[in-house]
Amino acid sequence: MGPASKSDDHTATATLLPEPVIVPRSEHSISRKQFSPNAVKVLYRLKDAGFEAYLVGGCIRDILLGLEPKDFDVVTNAKPEEIKRIFRNCRLIGRRFRLAHIVFGQEIIEVATMRGHHSDEGKSNNISQASEQGQLLRDNVYGTIEEDAERRDFSINALYYSIEDFSIRDYAGGLAAIRARQIELIGDPETRYREDPVRMLRAVRFATKLDMSIAPATKNPIPQLASLLENIPAARLFEECLKLFLNGKAEQNFLMLRELGLFKYLFPATERALNASTDGFAERFIQQMFANTDARINADKKVTPAFIFAALLWLPLRQRADALVEKDGMFAHDAYNIAMNAVLSDSAKQVAVPKRFTIGARDIWHLQLRLDKRSGQRAYRLSLQPKFRAAYDFLLLRVESGETELQSLAAWWTNYLEKDVTGQKDMVKSLDERSGPRRPRRRKPRKKPDPS
């Protein structure tokens, strides 16, 4: 095959190098001390059993970029069943591609068998199946390290660390791509994106995470192929959304997803609401939510996915509820309950948010309707709700994004939360006095005793 694409080539993606670039231990800075001790154990156990074993992908890439790696993935020429015989603490997972998970307490080292080409017929244990759109449904095709490198998605992920001689092996120009700070797809873009459309989302995530640009030949086909995301299971897209929105780069990811036409296949109702917004509130609201999320994550503060999905679906929810109030004359509470069910049901067709998060989103939405009910014991009881703090932050987000009519309500709650119990009671009492005297409750007449 031809040489890997260069950073200034706008028409070609990366391909397999005629010969791998091998960087000996004396010429690179990576040390085994930077790896997980459990990953090193797995490498040596496979090597001692007579198999090839390499650390591959993100951990090598991140160390070379001066980042701390989170995952340590191993690739070997041992088949999954052979790996399981070597490790008692191994479990095999996956249908699309069979993987081995080596469990060390809380840490899992993922071990994959080197992948081969689908055209290689006659090999034992080679099982492959693709959909009509070209998406790989089953991919248990095993091969050599060269074939495995060519099957990797991006050149920066086709870097291998050998436990045999501690060298780095570059099969697709990944080292040059790191120097050029470019995300380059390996192979024909349309074929690779059709094989796994999630690669389009990964290109966005790597670009923002690593502060790189997406090479033109990798980026240009994405808008035309974005609709392929409709073929991805909704549960898998939920996991990809967590990776995109909980990595401290959510705002950049959101903007790039919209630029490339990907966001509308994740949250179509939200995209329609964004396009219909004439005053800019919708874009400010979503973008500010992601900016706040990034700030919390980068400050090591807790973020719940329930808040993110509540914000992402708030715009279509409010549109539906307002339409029910205006057209059908419903009470707001009833309209919002009906709209919540419809919006969550529609959204689940694209991104399957687990129930534990949709329940949290519902609580945040319900509390938006109750935050102005503060008289008597209501403010105190509201403040005890499990999702009150998230709902309060949601209210602040709405004000920050342009709902100035809620400013006094948000200021009241901010002041309330800063007071002690006595101060809080005084605030509620003052609120009650301004709203006028309460109407006395009408007592039910006592029943007369039965003379019998």
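Use the structure listed above.
Residues numbered from 1 in each chain as written. Predicted model: local features only at pLDDT ≥ 70, side-chain atom pairs only at ≥ 80, totals over all residues. Heavy atoms only, no water.

Visitor: Looking at this model, I keep getting lost on the side chain of T293. Mind explaining?
Guide: With respect to the helices and strands, the residue T293 is situated in helix 13 (residues 281-298). Apart from residues lying up to four places away in sequence, T293 is in contact with F245, V303 and I308. (Helix = DSSP H or I, 4+ residues; strand = E, 2+ residues; numbered from the N terminus. Contact = heavy atoms within 4.5 Å.)

Visitor: What am I meant to see in the packing of aromatic side chains here?
Guide: Aromatic rings in a pair are described by how distant their centres are and how their planes are angled relative to each other. The full count for this structure, using the stated rule, is 22 aromatic pairs. On the numbers, 6.0 Å between centres and 85 degrees between planes, the contact of Y54 with Y160 is edge-to-face. Of the two residues, Y54 sits in strand 2 (residues 53-56) while Y160 sits in strand 9 (residues 159-162), which places them 106 residues apart along the sequence. Both residues of the pair, Y54 and Y160, count as buried. Pairing F267 with F309 gives two aromatic rings, centres 6.2 Å apart and planes at 45 degrees, and the pair type is tilted. Taken together, the residues span a long stretch of sequence, with F267 in the loop between helix 11 (250-259) and helix 12 (268-276) and F309 in helix 14 (residues 305-312) at a distance of 42 residues. Sitting over the face of the ring of F206, R205 holds its NZ or CZ atom 5.3 Å from the ring centroid. Cation over ring: R374 sits above W412, and NZ or CZ is 4.9 Å from the ring centre. (Phe/Tyr/Trp six-rings, centres within 6.5 Å; stacked < 30°, edge-to-face > 60°. Buried < 20%, exposed > 50% of the residue type's maximum accessible area, 1.4 Å probe, protein only. Lys NZ or Arg CZ within 6 Å of the ring centre and 35° of its normal.)

Visitor: Sorry if this is basic, but what is going on with helix 13 here?
Guide: Note on helix geometry: an α-helix contains 3.6 residues per turn, so any two residues three or four positions apart are oriented the same way. An ideal rise of 1.5 Å per residue puts 26 Å on 18 residues; helix 13 measures up with 25 Å between its terminal C-alpha atoms. For helix 13, the set of buried residues is F281, A282, F285, I286, M289, F290, T293 and D294. Contacts from the buried residues of helix 13 go to helix 10 (234-245), helix 11, helix 12, helix 14, helix 15 (314-328) and helix 19 (388-401). D300 lies just past helix 13 and shows a positive phi near 60 degrees. (Expected span 1.5 Å × (residues − 1).)

Visitor: When you look at empty space enclosed by the protein in this model, what are you seeing that I'm missing?
Guide: Take a probe with the size of a water molecule and roll it over the atoms, and the empty space left behind shows itself. What the rule picks out here adds up to one cavity of 30 Å³ or more. The volume enclosed by the largest cavity comes to roughly 30 Å³. Around the largest cavity, the lining residues are F309, A310, L313, L344, V353, F357, T358, A361 and W365. Those elements that place two or more of their residues in the lining of the largest cavity are helix 14 and helix 17 (355-368). For the lining of the largest cavity, the leading source of residues is helix 17, giving four residues. Of the residues that constitute the lining of the largest cavity, the class distribution is eight nonpolar, one polar and no charged. (1 Å grid on protein atoms, 1.4 Å probe; cavity = no way out; pocket = protein on both sides within 12 Å on 5 of 7 lines; lining within 4 Å. Points joined across faces, edges and corners; volume = space filled by probe spheres on them. Nonpolar A, V, L, I, M, F, W, Y, C, P; charged D, E, K, R; others polar.)

Visitor: What should I look at first to understand the layout of surface pockets in this one?
Guide: Space inside the second largest pocket adds up to approximately 320 Å³. Lining the second largest pocket are 15 residues; nearest its centre among them are R296, K302, F307, A390 and D393. Secondary structure elements with two or more residues in the lining of the second largest pocket: helix 13, helix 14 and helix 19. Sort the elements by how many residues they give to the lining of the second largest pocket and helix 19 lands first, with six residues. Looking at the lining of the second largest pocket, its residues break down into seven nonpolar, three polar and five charged.

Visitor: When you look at the environment of V103 in this model, what are you seeing that I'm missing?
Guide: If you trace the backbone, V103 turns up in strand 5 (residues 99-104). V103 gets classed as partly exposed once you look at its relative accessible area, which sits at 25%. With near-sequence residues (within four places) excluded, V103 lies in contact with N89, R91 and I108.

Visitor: Honestly, the nonpolar core in this entry has me stumped. Any pointers?
Guide: As a rule of thumb, soluble globular proteins bury nonpolar side chains together. Membership of the largest hydrophobic core comes to 101 residues, with the highest contact counts inside it found for L55, F245, L262, F267, L312 and W365. Excluding its chain neighbours within four sequence positions, the residues that come into contact with W365 are F309, A310, L313, W314, L317, M340, L344 and F394. Grouped together as the second largest cluster of nonpolar side chains are 18 residues, L367, A379, A391 and L406 included. (Core = buried A, V, L, I, M, F, W, Y, C linked by side-chain atoms within 4.5 Å.)

Visitor: It is not clear to me how the packing of helix 13 against helix 14 should be interpreted in this structure. Could you clarify?
Guide: Axes are the key here: two packed helices are described by the angle between their axes and the distance separating the axes. For the pair helix 13 and helix 14, interaxial distance at closest approach is 10 Å and the crossing angle is 165 degrees. With respect to their mutual orientation, helix 13 and helix 14 come out roughly antiparallel. In this structure, helix 13 meets helix 14 at a crossing whose hand is left-handed. On helix 14, the residues touching F285, I286, M289, F290 and T293 of helix 13 are F307, I308, A311 and L312. Its residues assigned to classes, the contact of helix 13 with helix 14 comprises eight nonpolar, one polar and no charged. (Axes fitted to C-alpha atoms, helices over the stretch in contact; angles between N-to-C directions. Parallel < 35°, antiparallel > 145°, perpendicular 65-115°, else oblique. Left-handed = near helix turned anticlockwise from the far one by under 90°.)

Visitor: For this particular structure, what's the right way to read the sheet that holds strand 10 (residues 168-170)?
Guide: Across a sheet, paired strands are connected by hydrogen bonds in the backbone, their directions being either parallel or antiparallel. With mixed pairing, eight strands are arranged side by side in an open sheet as 1-10-9-2-3-6-5-4. Each of the sheet's edge strands pairs with one partner strand only, and the pair in question is strand 1 (21-23) and strand 4 (90-93). Looking at each pair of strands side by side, their axes are set apart by 30 degrees on average, direction ignored. Sheet contacts for helix 1 (residues 37-48): strand 2, strand 3 (73-76), strand 5 and strand 6 (107-113); angle to strand 6, the most-contacted strand, approximately 35 degrees. (Pairing = 2+ DSSP bridges.)

Visitor: Mind showing me how you'd approach the packing of helix 20 (residues 407-418) against helix 21 (residues 421-434) here?
Guide: Where helix 20 contacts helix 21, the axes come no closer than 8 Å and their chain directions differ by 145 degrees. Taking contact as the criterion, the partners of W412, N415, Y416 and L417 in helix 20 are, on helix 21, Q424, M427, V428 and L431. Split by residue class, the contact of helix 20 with helix 21 holds six nonpolar, two polar and no charged.

Visitor: Sorry if this is basic, but what is going on with the pairing of strand 6 here?
Guide: On any regular strand, side chains alternate: one points to one face of the sheet, the next to the other face. Pairing geometry for strand 3 and strand 6, over three bridges, is parallel. Paired with V74 across the strands is V111, a residue of strand 6. Pairing between strand 5 and strand 6: six bridges, direction antiparallel. Its bridge partner being in strand 6, H101 is matched across the sheet by E110. The turn linking strand 5 back onto strand 6 is made up of two residues, and G105 within it adopts a positive phi angle of 60 degrees.

Visitor: I tried to follow unusual backbone geometry on my own but got confused; where do I start?
Guide: Trans peptide bonds make up most of the peptide bonds, and negative phi angles are found at most residues other than glycine. For R181, which is not glycine, the phi dihedral falls at a positive 55 degrees. Mapping R181 onto the fold places it in the loop between helix 5 (174-180) and strand 11 (182-183). You will see that D211, though not glycine, has its phi angle at about 55 degrees, which is positive. Classification of D211 as exposed rests on a relative accessible area of 60%.

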